[in-house]
Amino acid sequence: MTTFIHNIKMVNEASELVTTSITIEEGKITAIGGEQPAHAQVIDGKGNLVAPGFVDVHTHLREPGFEHKETIATGTASAAKGGFTTICAMPNTKPVPDSIENMQLINGLIQDSAAIRVLPYGSLTKDISGEVRTNMEELKAQGAVAFSDDGVGIQLAATMYEQMKEAARIDAVVVAHCEDNSLIYEGVMHEGTRNKELGLPGIPSICESVQIARDVLLAEAAGARYHVCHVSTKESVRAVRDAKAAGIRVTAEVCPHHLLLEEMDIPSDDANWKMNPPLRAADDKDSLHAALLDGTIDCIATDHAPHTVEEKCCGMVGAPFGIVGFETAFPLLYTSFVETGKWTLKQLINWMTVKPSQIFDLPYGTLTVGASADLTIIDLNKEQTVDAEGFVSKGRNTPFNGWVAKGWPVLTMVEGKIAFEEVQ
Ligand SMILES: NC(=O)N[C@@H](CC(=O)O)C(=O)O
Ligand SMILES: [Zn+2]
Ligand SMILES: [Zn+2]
């Protein structure tokens, strides 16, 4: 089948919008700016923006094991609505993708119900318990996109070092949730000013940064490719920046909420503001912005982490960490940082497409002839209020409810097939 999308604007290197057309055949882009082919299905882009489908390297789909929070079907529908076409699913499911058998089980579930492309992580240790190392070569052969124990930090340096050496041998990326368990102090938000006002236990910044500092040195010694999840503190930024300057193969991501919010924004003891790592201080947030702009931080990832209303109902202590992210990521970032002139549209799109793809050697996140027709059409003028009740995700856990934003995806396509379309 041939599809022709016309009356569409693409953003060029200078971040200007250029009206063009896209021809898609057999799931691939075959022309940009060409004439309408005969017998094509025609889509009117209505003058909207077309961007490469977003690539999210840090997501939680909860299935198998926690289908009451999210399923592969609801999570990928939510992602498609947010303009995402490729997402990497973290391994904190039940079972954990830590064996050939469990990888195959998860691949089967993805095959059966994913609305977009889902690339599963394999775990670094069995049952993400930090003890017994997994056979990453076996898991890679089953399609593991990279390796992580996200949700928990790897406490033992030797475990991390051994897996890094093996990852270097098989050319895989080690992806780390950095958290030293001895420095959590049962905290539920940032150890700073706001937690004291609210009388809640705090997680100090060193809980994250000391493990990053350890890991970049381990990565250097192992010759491994090492990617840091959800960087949240200025000390973490410095550790990554220094490591890059030393030639260590480190990359890093930042989440929208850490760019948009800080500890003082937390209105009350409300678990919709509880996530790991927590919202940090204003100067941490500033350093994350500077790090994105100077390339210390490579990309943006949502860390979409759905939980139920019941789990999030009753204050921070006792509630699980995590907030949803797919359906609000682009509009919130676009409105806060592109519309205000802090970033160019091209920068934002790159941080959500080519940049994450490059880290994981993925052939996605680009609108070029020959590439998979993974794209999202976005109405940059459409203004809408974030309404958690209207989310496609099962999760309602967002601190952004009620925010007004522009730039909502109206159509998302994966391999030329429509995965989401806004009903008129
Ligand atoms: N980010 C979170 O607060 N929670 C994540 C785990 C994680 O990403 O560390 C989850 O799985 O709920
Ligand atoms: Zn994490
Ligand atoms: Zn996560």
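To start, this report covers the structure provided alongside it. All figures in this text were calculated on a predicted structure; none of them were measured in a lab. (Residues numbered from 1 in each chain as written. Chains lettered and ligands numbered in written order. Predicted model: local features only at pLDDT ≥ 70, side-chain atom pairs only at ≥ 80, totals over all residues. Heavy atoms only, no water.)

When helices and strands are counted, the protein chain shows 12 helices and 18 strands. Its C-alpha radius of gyration of 21 Å places the protein chain within 12% of the 22 Å reference for a compact globule of 424 residues. Counting only C-alpha atoms, the protein chain reaches 65 × 45 × 45 Å along its principal axes. Taken across its 424 residues, the protein chain has 61% of its residues classed as buried. When the accessible surface of the protein chain is totalled, it reaches about 15,800 Å², and 51% of it is carbon and sulfur. (Helix = DSSP H or I, 4+ residues; strand = E, 2+ residues; numbered from the N terminus. Rg over C-alpha atoms; globule rule 2.2 N^0.38 Å. Buried < 20%, exposed > 50% of the residue type's maximum accessible area, 1.4 Å probe, protein only. Areas by Shrake-Rupley, 256 points an atom, 1.4 Å probe, with all protein chains shown as cover.)

Turning our eyes to something else, we now look at the sheet that holds strand S6 (residues 54–59). Two modes of strand pairing occur in sheets, parallel and antiparallel, and in both the strands are linked by backbone hydrogen bonds. Spatially, the 3 strands line up as an open sheet ordered S6-S7-S8, and their pairing is parallel. With one partner strand each, in any of the chains shown, S6 and strand S8 (117–120) form the two edges of the open sheet. Sheet twist, expressed as the average angle between the axes of neighbouring strands with direction ignored, equals 20°. Of the pairings in the sheet, the one linking strand S7 (residues 84–89) to S8 comprises 4 bridges and is parallel in character. Bridge pairing in S8 places Ala 89 opposite Pro 120. (Pairing = 2+ DSSP bridges. Axes fitted to C-alpha atoms, helices over the stretch in contact; angles between N-to-C directions.)

This next bit is on the site of ligand 1. Around ligand 1 lies a shell of 15 residues, among which Arg 62, Asn 92, His 177, Asn 276 and Asp 303 are the nearest. Within the contact set of ligand 1, an oxygen atom lies 2.8 Å away from a side-chain nitrogen or oxygen of His 177. Note that an oxygen atom of ligand 1 is positioned 3.0 Å from one of the backbone N or O atoms of Gly 322. Burial of ligand 1 by the protein amounts to 94% of the accessible area it has alone, namely 320 Å². For the shell around ligand 1, the per-class residue count stands at 3 nonpolar, 9 polar and 3 charged. (Near = heavy atom within 4 Å. Polar contact = N/O pair within 3.5 Å; in protein donor to acceptor, adjacent residues only side chain to side chain. Nonpolar A, V, L, I, M, F, W, Y, C, P; charged D, E, K, R; others polar.)

With that settled, consider the coordination of the zinc ion (ligand 3). Coordination of the zinc ion (ligand 3) by the protein is provided by His 58 (NE2), His 60 (NE2), Asp 150 (OD) and Asp 303 (OD), with metal-donor distances spanning 1.9 to 2.3 Å. Within one chain, the residues serving as donors to the zinc ion (ligand 3) are arranged as H-x1-H-x89-D-x152-D. A separation of 3.7 Å is found between the zinc ion (ligand 3) and the zinc ion (ligand 2), which are bridged by Asp 150. Of this pair, His 58 sits in strand S6 while Asp 150 sits in the loop between strand S9 (147–148) and helix H4 (157–170), placing them 92 residues apart in sequence. Assessed through its relative accessible area of 0%, His 58 is described here as buried. In this structure Asp 150 comes out as buried when scored by relative accessible area, which is 2%. (Donors = N, O, S within 2.8 Å, 3.2 Å for Na, K, Ca; no water.)

This part takes up helix H2 (residues 100–113). End to end, H2 covers 20 Å across 14 residues, agreeing with the expected 20 Å (1.5 Å per residue, within 8%). For H2, every residue scored as buried is listed here: Asn 102, Met 103, Ile 106 and Ile 110. Taken down its axis, H2 places every buried residue within 105° of arc, on the same side. For H2, the exposed residues lying more than 90 degrees away from the buried face are Glu 101, Gln 111 and Asp 112. (Expected span 1.5 Å × (residues − 1). Arc of directions from axis to C-beta.)

Where helix H6 (residues 206–222) contacts helix H7 (residues 234–245), the axes come no closer than 8 Å and their chain directions differ by 10°. As judged from the angle between their axes, H6 and H7 are roughly parallel. On H7, the residues touching Glu 208, Ser 209, Ile 212, Ala 213 and Val 216 of H6 are Glu 235, Ser 236, Ala 239, Val 240 and Ala 243. Taken together, the residues that form the contact of H6 with H7 break down as 6 nonpolar, 2 polar and 2 charged. (Parallel < 35°, antiparallel > 145°, perpendicular 65-115°, else oblique. Contact = heavy atoms within 4.5 Å.)

Looking now at the coordination of the zinc ion (ligand 2). Looking at the metal site, the zinc ion (ligand 2) is ligated by Asp 150 (OD), His 177 (ND1) and His 230 (NE2), spaced 2.0 to 2.1 Å from it. Judged by its relative accessible area of 5%, His 177 falls in the buried class.

Turning next to the side chain of Asp 215. In this structure, Asp 215 sits in helix H6. By relative accessible area, which is 0% here, Asp 215 ends up buried. Not counting the four nearest positions on each side in its chain, Asp 215 is found in contact with Met 160, Met 164, Ala 176, Cys 178 and Tyr 226.

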